[in-house]
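This is what each chain is made of:
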Amino acid sequence: MKIIFIRHGEPNYEIDSLTEKGWREAEYLSQRTSRWNITDIYCSPLGRARDTAAATLKKLNREAVICDWLKEFDSPILDSRTGRRVIPWDLSPDYLNQHPELFDLHTWHQNTDMLTGNLKENYTYVTDGLDSLLEQYGYRRDGYRYLTDENTRREDVIVCFCHLGITCALAAHLLNTTPPQLWQGFFLAPTSVTVLGTEEREPGEAYFRCQTMGDTSHLLMNQEPVSIYGYFTDPFQG
């Protein structure tokens, strides 16, 4: 199967919607997504994700299933160096170098700063939501793999309209790595497309691999610049 995560368009956070540019991005995105053979569409309940999905849904004459666990990863933590509450992917890059436990699947959430919020509880909530969804398609989580059988829907394509932080958290779960590594290591631009697909090299055992991370070709083909939202320098426009 393929699971496709799409970040919302350039946001207007004050009204939880899109900027004028964000609406253009959503339209260019819909020209791409409306050509896909999509099995099901899921969406975050937040306005900026729903507004981004709207153009695609209109073109396909479809509706999205709203999933609370797809909303932005809402687990602010206390930054011990500044004393301020921050989202966990806005820590300074050198923080990971000083805290090797963040690279360990079994200890990353026990980091001193991570323990200052509800991060582990929220991570369990969202990954349980994803695993419950995948089980409906015949993929049952078992340790670091998914078990399959004759009823598994291997050719299905599901699309999730959501956000940067939650995409990295869910992708980390599927790829068996830690969220801080993806939060720190990947920029997902507004309306970017991230594709993960299953491989079943051994019968009955499926693993996910990332095929595309943060692709914005639909913007570049329409001469629409990639938005900087979520990045700390100018993104590549080529």
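Residues numbered from 1 in each chain as written. Predicted model: local features only at pLDDT ≥ 70, side-chain atom pairs only at ≥ 80, totals over all residues. Heavy atoms only, no water.

Undergrad: Outline the packing of aromatic side chains, listing residues and values.
TA: Using the criterion set out here, one finds eight aromatic pairs in the structure. With a centroid separation of 5.4 Å and 50 degrees between ring planes, the pair formed by Phe73 and Trp183 is classed as tilted. Taken together, the positions of Phe73 in the loop between β5 (65-66) and β6 (77-78) and Trp183 in helix α6 (residues 179-185) put the pair 110 residues apart, joining distant regions of the chain. On the basis of relative accessible area, Phe73 is assigned to the buried category, the value being 3%. For Trp183, a relative accessible area of 4% corresponds to the buried category. Consider the rings of Trp89 and Trp183, whose centres lie 5.6 Å apart with planes at 45 degrees: the pair is tilted. One end of the pair, Trp89, is in the loop between β7 (85-86) and α3 (94-98); the other, Trp183, is in helix α6, and 94 residues separate them in sequence. For Trp89, a relative accessible area of 14% corresponds to the buried category. (Phe/Tyr/Trp six-rings, centres within 6.5 Å; stacked < 30°, edge-to-face > 60°. Helix = DSSP H or I, 4+ residues; strand = E, 2+ residues; numbered from the N terminus. Buried < 20%, exposed > 50% of the residue type's maximum accessible area, 1.4 Å probe, protein only.)

Undergrad: Break down the sheet that holds strand β8 (residues 140-142) for me, citing the residues and quoting the values.
TA: With mixed pairing, eight strands are arranged side by side in an open sheet as β5-β4-β10-β1-β11-β12-β9-β8. On the outer flanks of this sheet lie β5 and β8, each paired with one strand and no other. In this structure, strand β4 (residues 40-43) lies alongside strand β10 (residues 157-162), joined through four bridges in parallel fashion. Of the residues in β10, the one forming a bridge with Tyr42 is Cys160. (Pairing = 2+ DSSP bridges.)

Undergrad: Could you give an account of the packing of helix α4 (residues 119-136) against helix α5 (residues 164-175), with specific residues and numbers?
TA: Direction vectors running N to C along α4 and α5 enclose 65 degrees, while the axes themselves pass 10 Å from each other. Like other packed secondary-structure pairs, α4 and α5 cross with a definite hand, here right-handed. Seen from α4, the contacting residues are Tyr123, Val126, Thr127, Leu130, Asp131 and Leu134; seen from α5, they are Ile166, Ala169, Leu170, Ala172, His173 and Leu174. For the contact of α4 with α5, the per-class residue count stands at nine nonpolar, two polar and one charged. (Axes fitted to C-alpha atoms, helices over the stretch in contact; angles between N-to-C directions. Left-handed = near helix turned anticlockwise from the far one by under 90°. Contact = heavy atoms within 4.5 Å. Nonpolar A, V, L, I, M, F, W, Y, C, P; charged D, E, K, R; others polar.)

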